[in-house]
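Each chain, written out:
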Amino acid sequence: MANKDAIKNEPSILKKTIAGGFGGSCLVMVGHPLDTIKVRLQTMIIVPGATPPYTGMVDCATKTISKEGFFGLYRGMAAPLIGVTPMYSICFLGKALGDKLQQGKDGENLSALQHWNSGCLSGVFTTAIMVPGERIKCLLQIQGQSANPKYNGTFDCGRKIFQEQGMRGLYKGTVATLLRDVPGSGAYFAAYEITKKALTPEGQSLSMVSVLFAGGMAGICNWLIALPADVLKSRYQTAPEGTYTGLGDVFRKTIAVDGIAGLYRGLLPVLIRAFPANAACFFGYELAMNFLNKYCPML
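Below you will find a few notes about this structure. Predicted model only: the values in this text are computed from it and were never measured.

## With respect to the overall build of the protein
Helix and strand counts for the protein come out as 10 helices and 0 strands. When the helices and strands of the protein are read in sequence order from the N terminus, they spell out α-α-α-α-α-α-α-α-α-α. Relative to the globule expectation of 19 Å for 299 residues, the C-alpha radius of gyration of the protein, 20 Å, shows essentially globular dimensions. Taken across its 299 residues, the protein has 50% of its residues classed as buried. Summarising the internal contacts of the protein: among those between residues at least 6 apart in sequence, 78% fall at separations of at least 24. Surface summary for the protein: the accessible area is close to 14,400 Å², and the carbon and sulfur share equals 66%. Placing the 29 positive and 19 negative side-chain charges of the protein at their respective mean positions leaves the two points 5 Å apart.

## As for the pattern of salt bridges
Within the structure shown, the criterion is met by 21 salt bridges. Arg180 is paired through a salt bridge with Glu134; the nearest N and O atoms lie 3.2 Å apart. With Arg180 in helix H7 (residues 174–199) and Glu134 in helix H5 (residues 112–143), this pair connects stretches of sequence that are 46 residues apart. On the basis of relative accessible area, Arg180 is assigned to the buried category, the value being 3%. We classify Glu134 as buried; its relative accessible area is 10%. Residues Asp258 and Arg265 are paired through a salt bridge, measuring 3.2 Å at the closest nitrogen-oxygen approach. Here Asp258 falls in the partly exposed class, since its relative accessible area comes to 23%. It is possible to trace a salt-bridge network through shared partners that takes in Asp35, Lys38, Glu134, Lys137, Arg180, Asp181, Asp230 and Lys233.

## Structural notes on the packing of aromatic side chains
Per the counting criterion, the structure on display carries 14 aromatic pairs. Counting every residue linked through ring pairs, the aromatic cluster contains Tyr88, Phe92, Tyr188, Phe189, Tyr192, Phe282 and Tyr285. Above the plane of the ring of Tyr236 lies Lys172, whose end atom (NZ or CZ) is 5.0 Å from the centre.

## Re a nonpolar patch on the surface
On the surface, a nonpolar cluster with roughly 240 Å² of combined accessible area is contributed by Leu14, Ile18 and Leu299. Along the chain, Leu299 turns up in the segment after helix H10 (267–295). With a relative accessible area of 36%, Leu299 lands in the partly exposed category.

## Some remarks on the packing of helix H4 (residues 78–103) against H7
Two numbers describe how H4 lies on H7: the axes approach to 12 Å, and their chain directions differ by 70°. Considered as vectors, H4 and H7 are oriented roughly perpendicular to each other. In this structure, H4 crosses over H7, and the sense of that crossing is right-handed. Across the interface between the two elements, Tyr88, Cys91, Phe92 and Lys95 from H4 touch Tyr188, Phe189 and Glu193 from H7. The residue makeup of the contact of H4 with H7, split by class, is 5 nonpolar, no polar and 2 charged.

## As for helix H9 (residues 247–258)
The terminal C-alpha atoms of H9, which comprises 12 residues, lie 16 Å apart, in line with the 16 Å expected from a rise of 1.5 Å per residue. Those residues of H9 that sit buried are Leu247, Asp249, Val250 and Thr254. Projected down its long axis, H9 shows its buried positions confined to an angular sector of 150°, all on one face. Of the residues in H9, the exposed ones pointing more than 90 degrees away from the buried face are Arg252 and Ala256. Buried residues along H9 sit in contact with H7 and helix H8 (208–238). Once H9 ends, the next one or two residues include Gly259, with phi positive near 75°.

Procedures and definitions
Throughout, residues of each chain are indexed from 1 in the direction in which the sequence is written. pLDDT decides what is reported in this predicted model: residues at 70 or higher carry local features, side-chain atom pairs at 80 or more are listed and counted, and totals for whole chains, interfaces and linings draw on all residues regardless. Side-chain calculation: all heavy atoms of the structure are included, whereas hydrogens and water are not. Helix and strand assignments follow DSSP, with helices taken as H or I runs no shorter than four residues and strands as E runs no shorter than two, numbered in order from the N terminus. The atom set for the radius of gyration is the C-alpha atoms, and the globule formula is 2.2 Å times the number of residues raised to the power 0.38. Using a 1.4 Å probe on the protein chains alone, a residue whose accessible area is under 20% of its type maximum counts as buried, one over 50% counts as exposed, and one in between counts as partly exposed. Residues count as neighbours in contact if any of their non-hydrogen atoms are within 4.5 Å of one another. Only the protein chains shown count as cover for residues, and the accessible areas themselves come from Shrake-Rupley with a 1.4 Å probe. Counting rule for charge: Lys and Arg are taken as positive, Asp and Glu as negative, and neither His nor the chain ends is counted. Lysine's charge is taken at NZ, arginine's at CZ, aspartate's at CG and glutamate's at CD. One side-chain nitrogen of Lys or Arg within 4 Å of one carboxyl oxygen of Asp or Glu is enough to make a salt bridge. For Phe, Tyr and Trp, where Trp contributes only its six-membered ring, two rings pair if their centres lie within 6.5 Å, and the inter-plane angle classes them as stacked under 30 degrees, edge-to-face over 60, or tilted in between. Comment: the charge-over-ring label is applied if NZ (Lys) or CZ (Arg) is within 6 Å of the ring centre and within 35 degrees of the ring normal. Two distance rules govern patches: like charges are joined within 9 Å, and nonpolar side chains (Val, Leu, Ile, Met, Phe, Trp, Tyr) within 5 Å, applied only to residues with over 30% relative accessible area and no salt bridge. Inter-axis angles, ranging from 0 to 180 degrees, are taken between N-to-C directions of lines fitted to C-alpha atoms, where helices are fitted over the stretch in contact. Working definition: roughly parallel below 35 degrees, roughly antiparallel above 145 degrees, roughly perpendicular at 65 to 115 degrees, and oblique for all remaining angles. Each crossing gets its hand from how the near helix is turned against the far one by less than a right angle, where anticlockwise is left-handed and clockwise is right-handed. Amino acids are sorted into nonpolar (Ala, Val, Leu, Ile, Met, Phe, Trp, Tyr, Cys and Pro), charged (Asp, Glu, Lys and Arg) and polar (every other residue, Gly among them). One less than the residue count of a helix, multiplied by 1.5 Å, gives the span that helix is expected to have. As used here, the arc belongs to the directions running from the helix axis to the C-beta atoms.

What follows is the structure, given as structure tokens:
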């Protein structure tokens, strides 16, 4: 009987999909400034014997604001904001479908490994829609460092990439995105469910403080696993044509010049961004779910 009640009370896949899109929009608005700093630190060119463009996160933020104003930190936000609502909708759709496939007819609670599996599936789902937006975002984020910007905004950047390189150019970095998002999304959802369960005593309702903390920890776990692939992706997507022959070449050259530490460049802004941004994501998700359950119970 309990299992039947659980199935009855389980939110629909449609509700989870809609709520996921709202949560993703919350994530972008909170986290984009530190994402800009992360990309600039990851892609800066260090010449042996010369002073690096940025000495760290604070220096990068200071120079960006000094040169481009505060909203320079929000450069390129339109691309992920436009793409993030459907992308996070698809992300949570993939997670919901993965849960459904593993639950069976009895509606039993999922283990941490099963949440990981569902999360990995969601990472596959999101790649197709995410790669073009990530390519545009990264190019716009680094062009602020140039005296002669090539692109005049999100749509101009996408148009010029397509004109010069076709769809192949927009989807440059697909493999790197898969390598980042499949294991990263697995860790993301598993960490959220584990932390949420640990903070919610049996029989009590989920508090928003627990949601915020669990969401923040999910973001940190995601990026600890995903960052090396993200560094390779950023470098590959922003490098001039012919710089690298492929993702393996990016890896070899990164290790040769920067060592293993090069794969974790930008770690500090990533982790500082990850907690509040993903806390906002899951807060937005749970808020939207509560709204939909209350006002749209038939969905």
